[in-house]
Amino acid sequence: MLGWDAAGVVDKVGAEVTLFRAGDAVFYAGALTRPGTNAEQHLVDERLVGSKPKSLDFAEAAALPLTSITAWELIFARLPLQRADSTRGTLLVINGAGGVGSILIQLARRLTDLTVIATASRPETAAWAKHLGAHHVVDHSRPLDHQVRALDIEYVQYIAALTASDRHAGAMAEIIAPEGHIVLIDDPKTFDIVPFKRKSVSLGWELMFTRSLFATSDMAEQGRILGEVANLVDAGALRTTLTERAGAINATNLKRVHQLVEGGRAYGKTVLEGF
C-alpha cells in the first residue's frame, strides 16, 4: 500500500505510547518500511509524529511532513548550519518549486541569513519560488553556472541538489565555492565526485527515512522537527506547500495524481483527502 505523508486524528494508541492519545490531530511521514497512508487507517511510531499545525486544515498539513523533515535535516544536519545562524553565504536550490524545494526555500529565508537562489524552468514555477522567498530564480533547463555568474555571484557556498544532480554535476563543480558543501537527495545512477576534489568540497546525501530504517537512537528528532515546523506555521513564518486539492483518495485519483507528479509538471504538493 503506497503513501507516507498523512494528517489525521489518532484513533488508538499502544500501551507504551506517551506522546499522544486518541483524539489528537497529528501529521507525519512515517517510515519507508511501513507505507500505507493511502488507506483509511495507518500504524506509525509515535517518535515520527508531530501535532498538526492548528492554523492548517488536514490537507494543508498533509503536504508538509516528508518534505519539511527532508529540508530541515538537509539544512541543519547535513550542512554546517544552525538555526538563527548569522553565517553569510549563498544557497543554490536545484528544483526550488518541487515539494522539498518549496519548504527548503522558506526555511532558509526564515531561519538563516543565506542568499537563496532557486531554479525553475516555467513562468508559474519561477513565480512560485519567488513567492516563497527566493532572492533569485534561474532556469535549470539552461547551464546553471553561467546564470549564477550573471547575478554577479562567483561562487555559492551551499548547493541542495534535489533533482537531476548528475545532469547538473558539471555546473555544480564550476560554481561551488572552495570548501563548499553539496547535499543530494535524488538517486543518480552514477555521480562522479572527482571534479570536486580540487576545491575540497564536502558532498553527502539526505534521506529522511534513514532514522527509521536503522532505528537510530535519535528517531524522536523527527517528531521534534515536525513540532518546530508546526510552531513556525502557526506563527505565520512558514506556509503550507499545498498547491492542488486533487479530490478523494481512490484508485482513479491516485493514478491521475501519480501521472501528474511523474510527468514533471506539478509544483509544490498535490494532496488527496477523504474517502
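Cut-offs used in this document
Residues numbered from 1 in each chain as written. Predicted model: local features only at pLDDT ≥ 70, side-chain atom pairs only at ≥ 80, totals over all residues. Heavy atoms only, no water. Core = buried A, V, L, I, M, F, W, Y, C linked by side-chain atoms within 4.5 Å. Buried < 20%, exposed > 50% of the residue type's maximum accessible area, 1.4 Å probe, protein only. Helix = DSSP H or I, 4+ residues; strand = E, 2+ residues; numbered from the N terminus. Contact = heavy atoms within 4.5 Å. Axes fitted to C-alpha atoms, helices over the stretch in contact; angles between N-to-C directions. Parallel < 35°, antiparallel > 145°, perpendicular 65-115°, else oblique. Left-handed = near helix turned anticlockwise from the far one by under 90°. Nonpolar A, V, L, I, M, F, W, Y, C, P; charged D, E, K, R; others polar. Polar contact = N/O pair within 3.5 Å; in protein donor to acceptor, adjacent residues only side chain to side chain. Pairing = 2+ DSSP bridges. Patch = residues over 30% accessible without salt bridge, like charges linked within 9 Å, V, L, I, M, F, W, Y side chains within 5 Å. Areas by Shrake-Rupley, 256 points an atom, 1.4 Å probe, with all protein chains shown as cover. Salt bridge = Lys/Arg side-chain N within 4 Å of Asp/Glu carboxyl O.

## Structural notes on the nonpolar core
Right, on to step 1. Core analysis: the biggest nonpolar cluster contains 49 residues, and Trp72, Leu91, Leu104 and Leu107 have the highest contact counts within it.
Right, on to step 2. Contributions of two or more residues to this core are made by strand 2 (25-28), helix 2 (65-78), strand 4 (90-94), helix 3 (99-111), strand 5 (115-119), helix 4 (123-132), strand 7 (156-161) and helix 8 (220-234).
Right, on to step 3. Per-element tally for this core: the top contributor is helix 3, with seven residues.
Right, on to step 4. In this view, leucine 104 contacts Ala71, Leu74, Ile75, Val93, Ala160 and Leu162; residues no more than four positions away in its chain are not counted.

## Quick look at the packing of helix 3 against helix 4
Right, on to step 1. In contact at an axis separation of 9 Å, helix 3 and helix 4 are set at 30 degrees when each is read in the N-to-C sense. With respect to each other, helix 3 and helix 4 are oriented roughly parallel. Considering how the two elements wind past one another, helix 3 and helix 4 form a crossing that is right-handed. Mapping the contact onto sequence places Ser102, Ile105, Gln106 and Arg110 in helix 3 and Trp128, Ala129 and Leu132 in helix 4.
Right, on to step 2. Of the residues belonging to the contact of helix 3 with helix 4, the class tally is four nonpolar, two polar and one charged.

## Structural notes on unusual backbone geometry
Right, on to step 1. Of note, the phi angle at serine 200 is positive, near 50 degrees, even though the residue is not glycine.
Right, on to step 2. Among the secondary structure elements, serine 200 is positioned in the loop between strand 8 (176-184) and strand 9 (202-205).
Right, on to step 3. Take serine 200: its relative accessible area is 48%, and that puts it in the partly exposed class.
Right, on to step 4. Non-glycine residue alanine 215 carries a positive phi angle of around 45 degrees.
Right, on to step 5. Relative to the helices and strands, alanine 215 is located in the loop between helix 7 (210-213) and helix 8.

## Here's the deal with the side chain of glutamine 222
Right, on to step 1. Within the fold, glutamine 222 resides in helix 8.
Right, on to step 2. A distance of 2.6 Å separates the side chain of glutamine 222 from the backbone oxygen of methionine 208, its partner in a polar contact.
Right, on to step 3. Once residues within four sequence positions are removed from consideration, glutamine 222 is found in contact with Arg47, Leu48, Ile69, Glu73, Met208 and Arg211.

## A word on the sheet that holds strand 2
Right, on to step 1. The strand order across the open sheet formed by three strands is 1-2-3, and the pairing between neighbours is antiparallel. Of all the strands in the sheet, the pair left with one neighbour each is strand 1 (6-9) and strand 3 (49-51). If you compare each strand with its neighbour and ignore which way they point, the axes differ by 30 degrees on average.
Right, on to step 2. As defined by bridge partners, strand 1 adjoins strand 2 across four bridges and the pair is classed as antiparallel. Its bridge partner being in strand 2, valine 9 is matched across the sheet by alanine 25.
Right, on to step 3. Its contacts with the sheet place helix 8 against strand 2 and strand 3, and it is angled at close to 25 degrees to strand 3.

## Here's the deal with a nonpolar patch on the surface
Right, on to step 1. A contiguous nonpolar surface patch, about 370 Å² in accessible area, is contributed by Leu32, Leu207, Leu213 and Phe214.
Right, on to step 2. Inspection of the secondary structure assignment puts leucine 32 in the loop between strand 2 and strand 3.
Right, on to step 3. Its relative accessible area of 36% is what places leucine 32 among the partly exposed residues.

## Section: the environment of alanine 108
Right, on to step 1. Tracing the sequence through the fold places alanine 108 in helix 3.
Right, on to step 2. Accessibility expressed as a relative area gives 0% for alanine 108, which makes it buried.
Right, on to step 3. Along the chain, alanine 108 and isoleucine 185 lie 77 residues apart, while their C-alpha atoms are 17 Å from each other.
Right, on to step 4. Setting aside residues up to four positions removed in sequence, alanine 108 forms contacts with Ile75, Leu91 and Val116.

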